[in-house]
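# Descriptive structure summary
Listed below are the residues making up each chain.
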Amino acid sequence: MGQFGIGQAVTRFEDPRLLRGEGRFLGDVSLPGQTYAVVVRSPHAHARLRSIDASAATRAPGVLGVLTGADVARDGLGTTRMTLRRKRPDGSPMFAPPHPGLVRDRVRYVGDPVALVVAETPAQAEDAAGLVRIDYEPLPSVTSTAEAGPGSPPVWDECPDNVSNVFEVGDRTATDAAFARAHRVIRRRYVITRVHAQYMEPRGALGLYDPGEDRYTLYADVQYPHRVRNALASMIFRVPEHKIRVIAGDIGGGFGAKGWQYAEHRLVLWAARKLRRPVKWTCERHEALLADEHARDNISEAELALDAEGRFLALRVRTTANLGAYVSSDRNLLPTFSNVATLVGVYTIPAAHVHVTGVLTNTSPTAPYRGAGRPEASYVTERLIDAAARALGMDPVELRRANLIPPSAMPYRTALGATYDCGEFEQSMDEALKLADVAGFAARRAAARRRGALRGIGVANAIERAAPPGPEFAEIRFDPSGTAMILMGTKNQGQGHETTFKQILHERLGLDPGEVRFVDGDTDRVAFGMGSTGSRSTVIGGTALWMAADKVIAKGRKIAARMLEAAEADIVFAEGRFTVVGTDRAVAVREVARAAFQPAQLPPGLEPGLYETGTFSPPAATFPNGCHVCELEIDEATGAVTLVNYVVVDDVGTVVNPLTLEGQIHGGVAQGLGQALMEQVVYDRDSGQLLTSTFMDYGIPRADTLCDLTIERHPVPTTLNPLGAKGAGEAGTVGALPAVINAVVSALAPLGVRDFDMPATSARVWRAIQDAVTGRQR
């Protein structure tokens, strides 16, 4: 509908205020009497706490308090807890130790919180933190995923083999039988590195306690404020939920890592209650990798069974997933199981079995990060298919084509239990191949070789599970003047939610976006919400808004009938106007809204006012999909990788805004190729020290790392929601990881390199080249 409706490339309504510096980020929030907190963190990967001497820190200028794990225990603060049920290999219950907020007996990773120092100024708190004297007794540690498990130093004495839990899905018997009759079996081991979200705005928290109301207020950059409130109320402070308010303003990136309840949230609220003053903690950039949850970090032993014609018969994957030192909530396990169903990709694989072992290590806990298991699944499948093509002497594209699920098979239930409701996978792949001019690649490779460069191309068909069942809330609230406010239970972190939801509202009600106020992130103002994660905001939140708009139309039709002196059955609504069928008599929705607050204009028995809500939970998950093609060159002398072309054709269902969609794809691709090319959290094997805590050591892509991206759409709308949307927030990352590394292997293949693990830094690529050359010379 018009220039602001669904499908229009509307520039983001929120951008002008952000560009003018008028955002309301956590750093912009200050309260009267505010104090400042610094967390004292462990310098050891594993150590026994012999003693803590805070006397010097307590006497330091401006210091208001030094709190430790003993204080936490004394005041009876609770911990978060798991709701998922998993078992260990021997059938005993899963071992999932929650974090206590501040540790008492042992530290279990570098960065583990030991004490909280609160002072009048940030500098005073920082200085005093350096005066806290802690006597540590270092203990053996394990940080490597490959080395964790039986025989490694136990992270917890109660779990001597470091195995937290196991998870299985698929039909083991059918899979084993398919492998037994296979003509060819391809086996590979894939290492997916540990990374950090590296959002623009590091985390923070500001706690306020009102003794008059006996009520807490938390200002924090969290992705689902209502769930944070629930956790704090029901698990940590054990108070009625209305005793806690959570406010999340503008957020400078989240990507899953700002999802739920971090220790600092409870610490600032607890300290505020004890001191009767607001307490603010701001994570410094150098502290972020110590303080935050990390992501990915798993190793998969993958096998693909094929028949003599190259048809896929079965897939078998055994994954070891590094959980870190603590498993405080369900979200710490989500990447290990929630998306393994997409390991079969977009292919007809009749049998599959996946076994995941979650191990504990002396590292930061892991949790969802853009994709949360989806990029890992896509990486394993698409790398394995390329390996199979090389082994069989087939074109990787044609091997994929021979095994793609056709549109006629929809809805298609996979061997791992997922049901793809719709999709045109071959069409998307063909569009991407054409845009990338894959047919002309051989000539470009030859030309590059004459220049001394190695050129490679990688293809990846990605699919992801998005927006799974779970409720979301929206409210449309008109005021007596006829303008409106929308209140959403989702939480914007830079995606452009204000624009997206105003477009949906404009499509349904015809309201001018400039006359609509957008509100999210405040648990006192928004009645309910599950927040933003898993590409669910437009799919579920947008549908909730659509449902609320339907209720507005239904009530508005009654009011319009009274205003137009017509029967309700004769009133139709379109283009923002209620019209009497067959006439030009009409009234705008804004006029109806004004009338709704004037009882004399209402039909008998109709409640005054116009404010409606919608709550929606989808019947099943959606499955966005697409094809990525990456072309790159490698300098043989230095190993430097240069991207020269990147094409994405995506099916995200109905596209609400092509402009914001491209922004999501661009960002997702950047984060995927960042991990593929350079990003990696590294711990020292012997000491367990974190070696990549700053940007001096942690590589991150810059603007000149990327080439121009060509992004096209092949939408196949879903019927699982009235919008037809599938979700788009993680699509770019899911395809980028395998596409880039497949291209690297393609470039190195003429030298005899058959496999390569991320990240493709120049040093690692150079070493692979030298090893290949040396091997040939032998």
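The following paragraphs examine the structure supplied in this document. (Residues numbered from 1 in each chain as written. Predicted model: local features only at pLDDT ≥ 70, side-chain atom pairs only at ≥ 80, totals over all residues. Heavy atoms only, no water.)

## Looking at unusual backbone geometry
Inclusion rule: To qualify as a helix, a DSSP run of H or I must reach at least 4 residues; to qualify as a strand, a run of E must reach at least 2; elements of each kind are numbered from the N terminus.
The omega angle of the peptide bond from Met410 to Pro411 is -5°, so this bond is cis rather than trans. Position of Pro411 among the secondary structure elements: in the loop between helix 11 (396-403) and strand 16 (412-413). Phi angles above zero are rare outside glycine, and Gln198 is one such case at about 50°. Here Gln198 is to be found in the loop between strand 8 (184-195) and strand 9 (204-210). Look at Asp297: it is not a glycine, yet its phi comes out positive at around 65°. By secondary structure assignment, the location of Asp297 is in strand 13 (residues 295-306).

## A few points about the packing of helix 14 (residues 497-509) against helix 15 (residues 537-564)
How two helices sit against one another is set out by the angle between their axes and by the gap between those axes. Heads up, the rule is: Working convention: axes come from line fits to C-alpha atoms, limited for helices to the stretch in contact. Angles between N-to-C directions cover 0 to 180 degrees. A clockwise turn of the near helix away from the far one marks a right-handed crossing, whereas an anticlockwise turn of less than a right angle marks a left-handed crossing. The contact criterion used is simple: two residues touch if any of their non-hydrogen atoms lie within 4.5 Å. Residue polarity is assigned by list, with Asp, Glu, Lys and Arg as charged and Ala, Val, Leu, Ile, Met, Phe, Trp, Tyr, Cys and Pro as nonpolar; anything else, Gly included, falls into the polar class.
It is at 10 Å that the axes of helix 14 and helix 15 come closest, and there the two elements cross at 35°. As helix 14 packs across helix 15, the resulting crossing turns out to be right-handed. Within the contact between the two elements, helix 14 uses His497, Thr500, Phe501, Ile504, Leu505, Glu507, Arg508 and Leu509 and helix 15 uses Ser537, Thr538, Gly541, Gly542, Leu545, Trp546, Ala549, Asp550, Val552 and Ile553. For the contact of helix 14 with helix 15, a count of residues per class yields 9 nonpolar, 6 polar and 3 charged.

## A few points about the nonpolar core
Formally: Take the buried Ala, Val, Leu, Ile, Met, Phe, Trp, Tyr and Cys residues and link them wherever side-chain atoms come within 4.5 Å; each set so joined is a nonpolar core. Note on exposure labels: buried denotes an accessible area under 20% of the residue type's maximum, exposed denotes more than 50%, and partly exposed covers the range between, all computed with a 1.4 Å probe on protein chains only.
Counting residues in each nonpolar core, the largest one holds 132 residues, and the members touching the most others are Tyr420, Tyr646 and Leu748. Examining the composition of this core, we find that 11 residues originate from one element, helix 18 (residues 731-748), more than from any other. Apart from residues no more than four positions distant in its own chain, Tyr646 is found in contact with His628, Val629, Cys630, Val669, Cys707, Asp708, Leu709, Thr710, Gly735, Ala736, Ala739 and Val740. Ranked by size, the runner-up nonpolar core spans 44 residues in total, among them Leu511, Phe518, Ile553 and Val592.

## Thoughts on the pattern of salt bridges
Spelled out, the test is: Definition used for salt bridges: Asp or Glu carboxyl oxygen within 4 Å of a side-chain nitrogen of Lys or Arg.
The full count for this structure, using the stated rule, is 57 salt bridges. A salt bridge links Glu426 to Arg401; the nearest nitrogen and oxygen atoms lie 2.9 Å apart. Of the two residues, Glu426 is situated in helix 12 (residues 425-435) and Arg401 in helix 11; the sequence distance between them amounts to 25 residues. The network of salt bridges with common partners includes Asp437, Arg444, Arg451, Arg455, Glu631 and Glu633.

## As for the environment of Gly482
Note that Gly482 resides in the loop between strand 19 (472-478) and strand 20 (484-488). Among the residues examined, Gly482 registers a relative accessible area of 2% and is labelled buried. Sequence-distant contacts of Gly482, defined by excluding residues within four places in its chain, comprise Arg590, Ala593 and Arg594.

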